[in-house]
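Structure assessment
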Amino acid sequence: MRKIQMVDLKSQYARIKDVVNESIQEVLETTAFVNGPKVHEFQKNLEQYLNVKHVIPCANGTDALQIAMMGLGLKPGDEVITTDFTFAATVEVIALLQLTPVLVDVEPDTFNIDVEAIKKAITPKTKAIVPVHLFGQCANMEAIMEIAKSNNLFVIEDSAQAIGANYTYSNGTKVKAGTIGDVAATSFFPSKNLGCYGDGGAIFTNNDELAHTIRGIVNHGMYERYHHDVVGVNSRLDAIQAAVLGAKLPNLNAYNKARIEAAKKYDAAFKDEKHIVIPFRSGAEDNHVFHQYTLRVTGVDRDGLAKFLNENDIPCGVYYPIPLHNQKAYLDERYNEADFKVTNQLVKEVISLPMHTELDDDQIEYITTKVKEFINA
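Keep in mind it's a predicted model, so treat the numbers as computed, not measured.

Across the sheet, which stays open at both edges, the 7 strands sit in the order β1-β9-β8-β5-β4-β2-β3 with mixed pairing between neighbours. At either end of the open sheet lies a strand with only one pairing partner, and these are β1 (54–58) and β3 (100–104). Here the strands of the sheet are splayed against their neighbours by 25 degrees on average, with no regard to which way each runs. Of the pairings in the sheet, the one linking strand β2 (residues 79–83) to strand β4 (residues 126–130) comprises 4 bridges and is parallel in character. Following the sheet pairing, isoleucine 81 is matched in β4 by isoleucine 129. Across the sheet, helix α3 (residues 61–71) lies against β1, β4, β5 (154–158), β8 (183–187) and β9 (201–205), angled at about 165 degrees from β8, the strand it touches most. Sheet contacts for helix α7 (residues 208–217): β1, β8 and β9; angle to β1, the most-contacted strand, approximately 15 degrees.

What follows is the structure, encoded as structure tokens:
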């Protein structure tokens, strides 16, 4: 059996090595390293894949979130509602822009932001909602968009973990994650479902005016060289990373399918385990693309399980061990522990198993056998 990796990028690269190397070599030979043809080619192909009018590449996913908020013209003191159970980048950029983060609880099944909690958190100062499509599954966007419309709020999708996932409306219509709100941000960090070989990110929108503003922001506020029309930043996707992403994009559906199939095999192995709650799916099979395969273990020492797996050469992760409202950087006397019952429970129970495109049956059997061995000891 091959060594088990949390994310096996080496084996994935081996399968697409020639295409990736050729794409990178084109950049090296043209020396068009910044805003070159590879960047524009990837942008256009991703727009077509997502069926979105505008993709604006940038340097990383955190920048993408910040730039999206800058493009919407949010002002210091404006309140932005987001989830308590996610990576810190989501709330980090809110604080960096001197906006006021308002953290709310999540659903116990999907782990995504709780719609009822959003409703309760809205005040006259609220200007935006940031749903995070956690672990590869879309938040309840239909309900969130209705709330936003009723309250004249912006919706900024954090789609860093869900590129390629579908969202299915109640009428059966399907759209891609990141194409529903006013604007969306994604990350191309190497471990993502579509990852480059360094840092990278992008912003998506169907709003022409907003797209124009954002294109200026990512490039020092310039639309014409040395003419700074808006306050901007330096956040551009370099051409070598665009070359990698361009080579991998045609495989994205296959990559996501491989993750879905691996998740099904995990599910089958755990279906009769009373101490294990397998990942919930909110709709059709392709609504969840499994950036992570995250279990809840109940009545079991989760940290003991993680230690046992590591001792048996099985990497695993706890995403996330501390709620954002309890992080030192984001402590706020406004928060009441009683409002975070689900998050406070999840951080004690969740554990993510290896999930990537290269998992094979022998590895999955070994992983699941060891999990059950500990659970049932």
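Let us look at the sheet that holds strand β14 (residues 350–353). Strand pairing in a sheet relies on backbone hydrogen bonds, with the paired strands running either antiparallel or parallel. Pairing within the open sheet is antiparallel, and its 3 strands lie in the order β12-β13-β14. This sheet does not close on itself; its edge strands, each paired only once, are β12 (276–277) and β14. Here β12 runs beside strand β13 (residues 293–297); their pairing, made up of 2 bridges, is antiparallel. The residue of β13 that forms the bridge with isoleucine 276 is valine 297.

In the structure shown here, the tally under the stated rule is 2 cavities of 30 Å³ or more. Size it by volume and the largest cavity reaches roughly 70 Å³. Asp109, Thr110, Phe111, Leu134, Phe135, Gln137, Pro279, Phe280, His288, Gln292 and Thr294 are the residues that line the largest cavity. Of the residues contributing to the lining of the largest cavity, the split by class is 5 nonpolar, 5 polar and 1 charged. Every residue lining the second largest cavity is listed: Val7, Asp8, Leu9, Gln12, Lys192, Asn193, Lys248, Arg259, His356 and Thr357. The class makeup of the residues in the lining of the second largest cavity is 2 nonpolar, 4 polar and 4 charged.

Looking at where aspartate 8 falls in the secondary structure, it is placed in the segment before α1 (9–30). Exposure remark for aspartate 8: the relative accessible area of 7% places this residue in the buried category. Side chain to side chain, aspartate 8 and arginine 2 meet in a polar contact 3.0 Å long. Reaching out from aspartate 8, the side chain makes a polar contact with the side chain of serine 11 at a distance of 2.7 Å.

Our focus in this paragraph is the packing of aromatic side chains. Applying the stated criterion to the full structure yields 14 aromatic pairs. Relative to phenylalanine 188, the ring of phenylalanine 42 has its centre 5.5 Å away and its plane inclined at 75 degrees; by these criteria the two rings are edge-to-face. Here phenylalanine 42 is found in helix α2 (residues 37–50), whereas its partner phenylalanine 188 is found in the loop between β8 and β9, with 146 residues between them in sequence. Just as phenylalanine 42 is buried, phenylalanine 188 falls in that class too. Counting every residue linked through ring pairs, the aromatic cluster contains Phe85, Phe111, Phe135, Tyr319 and Tyr320. A cation over a ring is seen here: arginine 334 above tyrosine 335, with NZ or CZ 5.1 Å from the ring centre.

Below, the discussion takes up the pattern of salt bridges. For the coordinates displayed, the defined rule picks out 18 salt bridges. In this structure, lysine 119 engages glutamate 116 in a salt bridge whose closest nitrogen and oxygen atoms are separated by 3.2 Å. Here lysine 119 and its partner glutamate 116 are both found in helix α5 (residues 115–121), 3 residues apart, which amounts to about one turn of the helix. With a relative accessible area of 43%, glutamate 116 lands in the partly exposed category. A salt bridge links glutamate 311 to lysine 307; its shortest N-O distance comes to 2.6 Å. Here the residue glutamate 311 and the residue lysine 307 both occupy positions in helix α10 (residues 302–311), the gap between them amounting to 4 residues, near one helical turn. One salt-bridge network, in which partners are shared between bridges, spans Arg2, Asp8 and Asp360.

Inspection of the secondary structure assignment puts glutamate 47 in helix α2. The class of glutamate 47 is buried, set by a relative accessible area of 10%. Taking the C-alpha atoms as reference, glutamate 47 lies 9.7 Å from threonine 205; in sequence the two are 158 residues apart. With sequence-adjacent residues up to four places away left out, glutamate 47 is seen in contact with Val52, Lys53, His54, Val55 and Arg215.

Rules used in this analysis
- Residues numbered from 1 in each chain as written.
- Predicted model: local features only at pLDDT ≥ 70, side-chain atom pairs only at ≥ 80, totals over all residues.
- Heavy atoms only, no water.
- Pairing = 2+ DSSP bridges.
- Helix = DSSP H or I, 4+ residues; strand = E, 2+ residues; numbered from the N terminus.
- Axes fitted to C-alpha atoms, helices over the stretch in contact; angles between N-to-C directions.
- Contact = heavy atoms within 4.5 Å.
- 1 Å grid on protein atoms, 1.4 Å probe; cavity = no way out; pocket = protein on both sides within 12 Å on 5 of 7 lines; lining within 4 Å.
- Points joined across faces, edges and corners; volume = space filled by probe spheres on them.
- Nonpolar A, V, L, I, M, F, W, Y, C, P; charged D, E, K, R; others polar.
- Buried < 20%, exposed > 50% of the residue type's maximum accessible area, 1.4 Å probe, protein only.
- Polar contact = N/O pair within 3.5 Å; in protein donor to acceptor, adjacent residues only side chain to side chain.
- Phe/Tyr/Trp six-rings, centres within 6.5 Å; stacked < 30°, edge-to-face > 60°.
- Lys NZ or Arg CZ within 6 Å of the ring centre and 35° of its normal.
- Salt bridge = Lys/Arg side-chain N within 4 Å of Asp/Glu carboxyl O.

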